[in-house]
Amino acid sequence: MSIPIPRLDFDHINRTALGVLPSLLARWLPDGKRLGNEWVACNPRRADRSPGSFKVNMNTCRWSDFATGDRGGDPVSLAAYLFDLKQGDAAQRLAVMLGLGGEA
């Protein structure tokens, strides 16, 4: 008999994360800074020495590294990218971080 795995509500996790996006970005990309509606930082996934090509829209969390073409459209995809996780693992960790339940 298998143990049922609780369903991750990606929409709820993403909506909740958008509500605290500035603090998440400051934590995940501490070398970045807000420029208008964007968080501009060095991409920690590559040898990026100066901020400019890695940007996150502060309203939507659409993100892109214009130097590599890597991009996504929500907090779960950003967490998955930054921490080299599968989408489900990133959603699980984000849910725990946001106090939405799940296992640490």
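Residues numbered from 1 in each chain as written. Predicted model: local features only at pLDDT ≥ 70, side-chain atom pairs only at ≥ 80, totals over all residues. Heavy atoms only, no water.

If you look the protein chain up in an unreviewed UniProt entry, it shows as DNA primase from Nguyenibacter vanlangensis.

(A) Seen up close, the pattern of salt bridges. What the rule picks out here adds up to three salt bridges. Note that aspartate 48 and arginine 46 form a salt bridge whose closest N and O atoms lie 3.4 Å from each other. The buried category is assigned to aspartate 48, whose relative accessible area is 15%. Residue arginine 46 pairs with aspartate 65 through a salt bridge whose shortest N-O separation is 2.7 Å. Taken together, the residues span a long stretch of sequence, with arginine 46 in the loop between strand E2 (38-41) and strand E3 (54-57) and aspartate 65 in strand E4 (residues 63-65) at a distance of 19 residues. (Salt bridge = Lys/Arg side-chain N within 4 Å of Asp/Glu carboxyl O. Buried < 20%, exposed > 50% of the residue type's maximum accessible area, 1.4 Å probe, protein only. Helix = DSSP H or I, 4+ residues; strand = E, 2+ residues; numbered from the N terminus.)

(B) Quick look at the nonpolar core. By size, the foremost hydrophobic cluster in this structure holds 25 residues, and its most contacted members are Leu25, Trp28, Leu29, Phe54, Val56 and Leu78. Elements supplying a minimum of two residues to this core: helix H1 (10-19), helix H2 (21-28), E2, E3, helix H3 (75-82) and helix H4 (87-97). (Core = buried A, V, L, I, M, F, W, Y, C linked by side-chain atoms within 4.5 Å.)

(C) Quick look at the pairing of E2. Pairing analysis gives three bridges linking strand E1 (residues 33-35) to E2, with the strands arranged antiparallel. Following the sheet pairing, leucine 35 is matched in E2 by glutamate 38. Where E1 hands over to E2, the hairpin turn is made up of two residues, of which glycine 36 adopts a positive phi near 65°. Inspection of the sheet shows E2 paired to E3 by four bridges, in the antiparallel sense. Across the sheet, residue valine 40 finds its bridge partner in E3, namely lysine 55. (Pairing = 2+ DSSP bridges.)

(D) Geometry of the packing of aromatic side chains. This model, assessed by the stated rule, comprises four aromatic pairs. Look at tryptophan 28 and phenylalanine 83: their rings are 5.7 Å apart centre to centre, the planes differ by 80°, and that puts the pair in the edge-to-face class. Of this pair, tryptophan 28 sits in helix H2 while phenylalanine 83 sits in the loop between H3 and H4, and the two are 55 residues apart along the sequence. Residue classification places phenylalanine 83 among the partly exposed positions, given a relative accessible area of 41%. In this structure an aromatic cluster arises from ring pairing among Phe54, Trp63 and Tyr81. (Phe/Tyr/Trp six-rings, centres within 6.5 Å; stacked < 30°, edge-to-face > 60°.)

(E) Focus on the sheet that holds E4. Pairing in this open sheet of five strands is antiparallel, and the strands run E1-E2-E3-E4-E5 from one edge to the other. Edge strands, defined here as strands with exactly one partner in the open sheet, are E1 and strand E5 (71-72). H3 contacts E3, E4 and E5 of the sheet and is inclined by roughly 155° relative to E3. (Contact = heavy atoms within 4.5 Å. Axes fitted to C-alpha atoms, helices over the stretch in contact; angles between N-to-C directions.)

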